[in-house]
Amino acid sequence: MIKLRVLLVFLLSVSTLFSQSDVDLSYYLPTDVEYNPNIPTPKSVIGHEVGEWHITHDKLAEYMKALAKASDRITIEDRGKTFEDRPLLLLTITSPENHSNLEAIKAAHIEATTSVTSTDRPIVVYQGFSIHGNEPSGANAGLAAAYYLAAAQGPKIDEMLKNTVILFDPSFNPDGLQRFAYWANTNRGQNLNPDPNDREYSEVWPGGRTNHYWFDMNRDWLPVQLPESRARIKTFHDWMPNILTDHHEMGTNSSFFFQPGIPSRTHPLTPKLNQELTKGIATYHAKALDKIGSLYYSEESFDDFYYGKGSTFPDINGSIGILFEQASSRGHVQESDNGLLTFPFTIRNQFTAALSTLEAANAMREEILDYQQNFFKNARSEGAKQGNKAIVFGDEKDAGKTFHLAEILERHQITFHELKDDVTLNGKRYTKNHAYVVPKNQNNTRLINAMFEKRTTFQDSLFYDISAWAFPLAFNVDYTETTTANAGAKVEDLKLLEGKVAAKSDYAYLMEWHEYYAPKLVYKLLQKGIRAKMSMKQFSANGKNYDYGTIMIPAKNQDLSPSELYALLQDLAKESHVSVDAVSTGLNNGIDLGSNNFRSLELPKIALLVGDGMTSYDAGEIWHLLDTRYDVLVTKLDTKNFNRADLSRYNTIIMVNSYSPLDEGQTKKLQGWIQGGGTLIAYRNALRFLNNRKLMKIDFKSSELKAENISFEERGDFRGAQVIGGAIFETKIDRSHPINFGLKNDRLPMFRNTTLFMKPSKNSYDNPIQYTKNPLLSGYISKPNLDSLATTVPLKIDGMGRGSIVAFTDNTNFRAFWYGTNRLLLNAIFFREEL
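Residues numbered from 1 in each chain as written. Predicted model: local features only at pLDDT ≥ 70, side-chain atom pairs only at ≥ 80, totals over all residues. Heavy atoms only, no water.

Participant: Whenever I open this one, the environment of A555 confuses me. Can you help?
Facilitator: In this structure, A555 sits in the loop between β24 (551–554) and α17 (562–576). Taking C-alpha positions, A555 is 39 Å from L670, a pair spaced 115 residues apart along the chain. Residue contacts for A555: discarding those within four places in its chain leaves S505, D506, Y507, A508, Y509, P562 and L565. (Helix = DSSP H or I, 4+ residues; strand = E, 2+ residues; numbered from the N terminus. Contact = heavy atoms within 4.5 Å.)

Below, the structure is given as structure tokens:
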């Protein structure tokens, strides 16, 4: 009874303690300066104190605009829109004198990356917050930091602003921030509850971490596939900041992390001086956090390897990237191993680190400016040693895919040229308008190396993220070393090849399946009720060879007249950037157009399983791919609604990476739908579900692994070394199989980040994709896993009744930039009845 009374007193005291916020702006702000009363405080604009509620993006934007209006230290620009039409704001913060001369300051700063100039100029610091929307202490700290930079007065702040141009990005991820703020605020009570079991700390699927299409945007700095990324990468290259900070959160029971990360996990292309300067900057964070009594650590977590992250991307571009990780309250207050963790406390640490970064930047200004200048001086020297060496890349059958790789180079301000003339190099044919030449002798030579290199040896066997991302392999384009002798005009205005219909036909039209956007045209034809067929064999017509998967559209017996069909095809060819040929006869070399080897296509009707049990990243990648690139309608079918859903509306269901996505009753319903003629496309760990529920018999191969001479302390590293975090492997493909239609070569690089190894079928024709005997192309994999992977298969297709299951061990649509294997999913959808 006494214990119960003590517990009740404790709970009541906690309830009283957190019944209302007793934190105001003074909790965050330094006291060694005065504040301009004419600058609006956050509360005067957003209606609450910083940290009292989670800031929504609309209020955050409102406050930033109010600051820009009130302060001559701040200008604001809207650089674009998110998928949900939220503004991508950037504040430029510096002294009024610098603002009046800002373009000249920028020009001088950029000049220092191309030639040796004076360091008597401001340092440029890019400060960005909360790229993961449910790590909100960064964006909320931005309110206080922006106020401080606008309102603080005195010699100290004046000197800092004179010597610094701050590019202030208040929210890297507006859509995710808004989603999470809604969740945290709608589950906040008057009496704040720190119990980790409270609903406030358990977001519903997919959570607020990601953007609209559920992408982790902190992996998109190098691929630049998303609108938010494009805005910030343009800002980065326009200014080439000296320091870029990236404010994150981590587990509730942690403390505060700042870089450097684990030294052995730094990419070899990053100069050692970069890490030494990062260490120097770290002393300022330590001093500032010591002052407010906050615990912290460094060099024990995270890494600087994958250049697609915000804290690592700057390192290959002559800048210094700095990651901050704050223990997350994931709401307003939560119990932790370090005591009660309040939201204002997390904000104060982020605010403190933001200011300590600026203090370090000013104290180390000349040293850091020198570093950037020497980085590019050395890069130019390395480039000059390359002479007239260059890289040529392309796909003679797929201008669209080639364009999108060139588009990434353009976004990173890498110089490239048209191909001067058609040429064959190392057995690969490169054609004008389908290939580009990248000279190695240029300012960005190190970034080019980072994007094109293949690497299979590493100092460490543990990786925070992927260990390989070679872009030519990701895009499945041919590429080889060449010279600038093959380079034509410099590309100044990159454009997709214009699509066209060769002529009007009263008989039929033919379109090869190789072009990236061919599925878009076919889907729109089928949507309009136009009949289209697909070739199961190669043939020749009008003196041209047509490959497997060629699409044939008859001109007659359609709902449109031949003239109307021609007009429609012209519009769709132009929109889809594909070429369509006209033929006047069905008589060919090989199969004729009336052959049964032309199979009718059916309009895809797709349900994508989402919700609890499904990996949101993988689901978002497929939703984004089909919705934004192909204009294909996709029903996002939540697993909680599966029992009452009418599955007869769909002919294709996609099940992404999952563990126990459906219960026994739901599984039976799915099985009945497949047997009735549906196609299930499954990915990654969904294959274990299929095997366990006896929907598909899969013979998994286990890795031979022995932990010999491994100490207790080393056990974590040993286990971590067996993880395939993300590497690229070579497969051999059967191009006559419909799953591979549209692929030009008989080798296909595939991304893999699982240890699911499927044994091949005894029948070779049932192994349309198979790993080679020595499959590693780039990235890390342990020797036991590599041995296990060799000659296994990443794909298994089984029939079930009138339907089928298509099972992939790995993600064919990884992070929106794995263009090279998107075709496999599209083929499984469009050619499902022929698999």
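Now, onward.
Participant: Explanation requested: the sheet that holds strand β26 (residues 589–590) in the structure shown.
Facilitator: Each strand in a sheet pairs with its neighbour through backbone hydrogen bonds, running either in the same direction (parallel) or in the opposite one (antiparallel). Sheet architecture is open: three strands sit in the order β23-β22-β26, paired in antiparallel fashion. Each edge of the open sheet carries a strand with a single partner, namely β23 (544–546) and β26. Relative to β23, strand β22 (residues 539–541) runs antiparallel, the two sharing three bridges. In the strand pairing of β23, S540 is matched with N545. (Pairing = 2+ DSSP bridges.)

Participant: I keep staring at the pattern of salt bridges and nothing clicks. Help me out?
Facilitator: If the charged atoms of two oppositely charged side chains come close together, the side chains can form a pair. Applying the stated criterion to the full structure yields 44 salt bridges. Residue K81 is joined to D78 by a salt bridge in which the shortest nitrogen-to-oxygen separation is 2.9 Å. Residues K234 and D238 are paired through a salt bridge, measuring 2.8 Å at the closest nitrogen-oxygen approach. Residue K234 and its partner D238 are both found in helix α9 (residues 227–239); the two are separated by four residues, about one turn of the helix. Given the relative accessible area of 26%, D238 is considered partly exposed. The network of salt bridges with common partners includes E135, R209, D216, R219, D465 and R815. (Salt bridge = Lys/Arg side-chain N within 4 Å of Asp/Glu carboxyl O. Buried < 20%, exposed > 50% of the residue type's maximum accessible area, 1.4 Å probe, protein only.)

Participant: Is there a simple way to explain the sheet that holds strand β34 (residues 769–778) in this structure?
Facilitator: Ordered by their spatial adjacency, three strands build an open sheet running β33-β32-β34, and the pairing between neighbours is antiparallel. A strand with exactly one partner marks an edge of an open sheet, and here the two such strands are β33 (747–752) and β34. In this sheet, neighbouring strand axes are inclined to one another by 35° on average, regardless of whether the strands run parallel or antiparallel. Sheet topology note: the strand β32 (residues 727–733)/β33 ladder contains six bridges and is antiparallel. Counterpart to I728 in the pairing with β33 is F751. (Axes fitted to C-alpha atoms, helices over the stretch in contact; angles between N-to-C directions.)

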